[in-house]
Amino acid sequence: MAAPALLVLYGSQTGTAQDTAERIGRQAQRRCFRVRVEALDSYDVAGLISEPLVVFVCSTTGQGEPPDNMKNFWRFLFRKSLPSTALCRLDCAVLGLGDSSYARFNFVAKKLHKRLMQLGANAIVPVGLGDDQHDLGPDAVIDPWLAEFWLRVREMYPLPAGWSAQSDDFLLPSRYVFDFLEADLNGPEKAAERQTPQPSRQHPFPARMVTNQRVTHPSHFQDVRLIEFDIAGSPIEFAAGDVVMIAPRNSTEDVELFCRLLRLDPDQHFTLRSRDSAPLPTRLPKPCTVRHLVERYLDISCVPRRSFFEQLAGFAASDLESEKLREFSSAQGQEELHDYCTRPRRTLLEVLQDFPHTTAALQVDYLLDLIPEMSPRAFSIASSLHAHPGRIHILLAVVRYKTRLQKPRRGLCSTWLASLDPQTGEQRVPLWVKKGGLTFPSDPEVPVVMVGPGTGVAPFRASIQERVALGRRGNYLFFGCRQESRDFYFQAEWAELMKAQSLALFTAFSRDQEEKIYVQHRLREQGTLLWDLLVNKTGHLYIAGNAKLMPAAVTDALRAIFESAGGLSTSASEELLAKLERVGRFQSETWS
């Protein structure tokens, strides 16, 4: 009797949904299922009509948008031409991963579940809504949801006589086999595929770093850089609001430490073979060196997820390490894991150092099962091609902070970029561009109000440069920072534009007086002006910056303005805000 089939499809932006999908895939294998785990856009969606059982795992990005690797699937599924019985043979389950601090919490999962039901699919369990804000993270929802899911699935597909499931700590075969080459190879490593003309994650453009300038005062606590890249000779084009994606690299020190821990020669070449037709990583050269794999592919600086401990426990070489790893990978041990790993931001490399016997017993074939691929980092483009042809500027805050661990925590990409000095030699950074979450009006008569405190001003510098170059006035910028003398980005540039009457600037320096003043206070002060711009002149308003407190404070200020300057009731103010957002005249791009 053939094993039942399960398809796990995921839409993942940062890797969390992919990690959860792969965890479900491993559980399915141990329960005697033939399982496939694929990104939604890698799957031929027309095949859904013949799939018996599918689990969808998806995150929500931005303002309720699907992740990049499920957008094509999303568009297809919401075609109005699809009949209401299209998926009547499909048994399915939807698991969402989100953050309840955002207004559209798990919006994609909820909408996907509803659409599947409209197309006739049968949900075998209610939609699961994992929440990053829970003390134990999304696993607080995922664990009981999976328990219910497997209970229902086993009722539908009982094990045949003589078959038995493996326990959840059973170590499955690795997805890949490393074939090490006996001799070093001469010449450069060859790319997995031919270079394509349009830069992408698989084929980034190696942009030359032109300048790397600190723009905060030397005494300021935050190191912020204005970095300029030369993209001349590439087909890269972009507009204000777009983002540049950068592939980071692990430090030489970390690469060498990792190789010592696992007794690997960083200069040895290898090729990969796949087990069970698993697709080979497209970003690795053929052949590849261990150094390239660790420096540019394996995310050894990430804070490891529970699944890492689950798989690492399979190599435990001492009773003490085995007990601790199995505790961290159990549902009951999640509070302990949070205290050990998540709260202090302990890295995967540091965990390997804490479990030396297990690390020494690791089999190299499991590296790509254990360690996730590094995710690219997104930065708002802070320049316009109209003002800086063949160039991309970014405004980069170098991430560095303390936890209870002795060694300070550092952002992987920002630390690497800040370390590059174009004055000491040519520096190349792999990058590509994608559409951002902000789109600006094409009508030259429409005024634009931009609220961008701190590095949130980056996309608005691009917009202002673009609009000024095209002769568009009606540019209003609300900028906030701590002190005028320490972190007032682009001060001289704004002064020139104000002198030319191309920009109206309103500033809030929160620490330059006894009482803290923020951008929301400046908005309230300009209530009459904003009411005129947004209502009488059908202007657009944009917010960019830290997602923690600012967006809510700005939104509250707008409601108050609509009530005071416009004379609207509380409910009418809410309706106006919702309408502005619905028609694209109130947009935000925030990050945590």
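Look above for the structure.
Please read all numbers here as calculations on a predicted model, not as lab measurements. (Residues numbered from 1 in each chain as written. Predicted model: local features only at pLDDT ≥ 70, side-chain atom pairs only at ≥ 80, totals over all residues. Heavy atoms only, no water.)

A.B. asks: What is the right way to read a positive patch on the surface from this model?
C.D. replies: Among the surface-exposed residues, Arg 400, Lys 402, Lys 407 and Arg 410 lie close enough to one another that they form a single positively charged patch. With respect to the helices and strands, the residue Lys 407 is situated in the loop between β15 (400-401) and β16 (409-410). (Patch = residues over 30% accessible without salt bridge, like charges linked within 9 Å, V, L, I, M, F, W, Y side chains within 5 Å. Areas by Shrake-Rupley, 256 points an atom, 1.4 Å probe, with all protein chains shown as cover. Salt bridge = Lys/Arg side-chain N within 4 Å of Asp/Glu carboxyl O. Lys, Arg positive; Asp, Glu negative; His and termini not counted. Charge placed at Lys NZ, Arg CZ, Asp CG, Glu CD. Helix = DSSP H or I, 4+ residues; strand = E, 2+ residues; numbered from the N terminus.)

A.B. asks: Please explain the sheet that holds strand β18 (residues 448-451) as it appears in this structure.
C.D. replies: Within a sheet, each strand pairs with its neighbour through backbone hydrogen bonds, oriented either parallel or antiparallel. The strand order β20-β19-β18-β21-β22 describes an open sheet built from 5 strands, whose pairing is parallel. With partners counted over all chains shown, the strands left at the sheet margins are β20 (504-509) and β22 (586-591), one partner each. Ignoring strand direction, the axes of neighbouring strands in this sheet form an average angle of 10°. In the sheet, strand β21 (residues 540-546) pairs with β22 via 6 bridges, with the strands oriented parallel. Its bridge partner being in β22, Asn 546 is matched across the sheet by Trp 591. The sheet contacts of helix α18 (residues 550-564) involve β18, β21 and β22, and relative to β21 the element is tilted by about 150°. (Pairing = 2+ DSSP bridges. Axes fitted to C-alpha atoms, helices over the stretch in contact; angles between N-to-C directions. Contact = heavy atoms within 4.5 Å.)

A.B. asks: What should I look at first to understand the sheet that holds strand β11 (residues 269-274) in this one?
C.D. replies: With antiparallel pairing, 3 strands are arranged side by side in an open sheet as β7-β11-β12. Where the open sheet ends on each side, the last strands, each with one partner, are β7 (176-180) and β12 (288-289).

A.B. asks: Would you mind showing me how to read empty space enclosed by the protein here?
C.D. replies: Over the atoms a probe the size of a water molecule is rolled, and this reveals where empty space is left. Summed over all chains, the structure comprises 1 cavity of 30 Å³ or more. Taken as a whole, the largest cavity spans an internal volume of roughly 40 Å³. Together, Arg 201, Pro 204, Ala 247, Pro 248, Arg 283, Met 374, Ser 375, Pro 376 and Trp 432 line the largest cavity. Taken together, the residues of the lining of the largest cavity sort by class into 6 nonpolar, 1 polar and 2 charged. (1 Å grid on protein atoms, 1.4 Å probe; cavity = no way out; pocket = protein on both sides within 12 Å on 5 of 7 lines; lining within 4 Å. Points joined across faces, edges and corners; volume = space filled by probe spheres on them. Nonpolar A, V, L, I, M, F, W, Y, C, P; charged D, E, K, R; others polar.)

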